[in-house]
Amino acid sequence: MNIAKHIQDLLYRYECVILPGFGAFLSQKQSAHIDEETESFYPPKKTVSFNRQLQKNDGLLANYIAEAEKVSYSNSIYAISEFVASLEKSLEEDRHADLANIGKFVFSSESNIAFEPYNNVNYFMDSFGLDSFQAGVVNREEYKKQVEEIEEKTPFLFTPERRKSSYLKYAAVGILALGLSGLAGLNIYSDQVSKHNIAEQQEAEGQLQQQIQQATFIIDNPLPAVTFNVEKQSGNYHIVAGAFRVEENAAKKVDELRAEGHKARLIGANKYGLHQVVYASHQTRRDAVNMLLEVKKTNESAWLLVQEL
């Protein structure tokens, strides 16, 4: 099995792909930018980084391999463990390990693993088909100066025939000016009519508002005011507590987490038909990762889901 290829496929859709027992690949969107030194334009892309601390299996990679390769979940787990073992062996023997189109791991002298991402693949799906290009600066002022110099040096000769045609041109220009002046007068009259209509409309609206303010509404039995405090969660970063085949079990889990003080809720079923329960949702990835590290102290199976609801 080509585990690296499956990791690439998931990086297009998710911002956190965990390789169980080894670490997690994190992708973050980077906006389009222009390099003024090289005069090059670069489209939006995803930059890939690596976090050694996130090693707990969240089921994302294993389930994807099982579906793509048509194998059982246990076989996909075994294939992942074999792949991780080969990476560890390469780091020990060769002091480096490569993942095609993802990045390179280097085992430093301080016994630390450094990750160097490759930039030959853009994992941002909205930039599909876009590539960087180089464009020079257009010197418009320089061309303008050249034209002005040519005009100064070029003589203009008028023959009798050309003079006659010039007189006709002047006459046409005069007729056109008269027509434009008449059109301008018509536009001025239209503007005056429009201003008059607007003034009348504003006066009518003012009278209506005055009548509304003077009106009195009498209610014999007024209803008591009711205040609802509704807190709506938003954000595309969700801390998943678990996924349940039976929706009733998912609802019970929500009640348990809310009793513990979490803003738990159901976010619907995934493509495997499992009802997902989340601790909370966040606007930024940083807040979500901070909460994930805190939650893992009591629930090691919790994981981060990036999905727009």
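Before reading further, recall that the structure is shown in the block above.
In this text, all values refer to a predicted model and were calculated from it rather than measured experimentally. Counting restarts for each chain, with residues numbered from 1 along the sequence as it is written. In view of the model being predicted, local features appear only for residues whose pLDDT reaches at least 70, and side-chain atom pairs are presented and counted only at 80 or more, with totals across whole chains, interfaces and linings using the full set of residues. Calculation of side-chain values draws on the structure's entire complement of heavy atoms; hydrogens and water are dropped beforehand.

(A) The pattern of salt bridges, seen in detail. One side-chain nitrogen of Lys or Arg within 4 Å of one carboxyl oxygen of Asp or Glu is enough to make a salt bridge. Counted under the stated rule, the structure contains 5 salt bridges. The shortest N-O distance in the salt bridge between Lys56 and Glu300 comes to 3.4 Å. With Lys56 in the loop between strand S5 (45-51) and helix H2 (60-69) and Glu300 in the loop between helix H7 (285-295) and strand S13 (303-306), this pair connects stretches of sequence that are 244 residues apart. Residue Lys297 is joined to Glu294 by a salt bridge in which the shortest nitrogen-to-oxygen separation is 3.3 Å. Here's how the labels work: a residue is buried when its accessible area is under 20% of the maximum for its type, exposed when over 50%, partly exposed in between, all with a 1.4 Å probe on protein chains only. With relative accessibility at 47%, the residue Glu294 sits in the partly exposed group. Only runs of H or I of at least four residues qualify as helices and only runs of E of at least two qualify as strands under DSSP, and these elements are numbered from the N terminus.

(B) Region of interest: the environment of Val48. Within the secondary structure, Val48 sits in strand S5. Using a relative accessible area of 10% as the deciding quantity, one classes Val48 as buried. Here the alpha-carbon distance between Val48 and Ile102, two residues 54 residues apart in the chain, equals 7.6 Å.

(C) Representation of the sheet that holds S13 within the structure. Pairing is antiparallel in the open sheet, where 4 strands are placed in the order S11-S12-S10-S13. Pairing within the sheet leaves two strands with one partner each, and these edge strands are strand S11 (265-269) and S13. Strand-to-strand, the axes of this sheet are offset by a mean angle of 45°, without reference to chain direction. Think of it this way: DSSP has to see at least two bridges between two strands before they count as a pair. Interaxial angles span 0 to 180 degrees and are taken between N-to-C directions of axes, which are lines fitted to C-alpha atoms, for helices over the stretch in contact.

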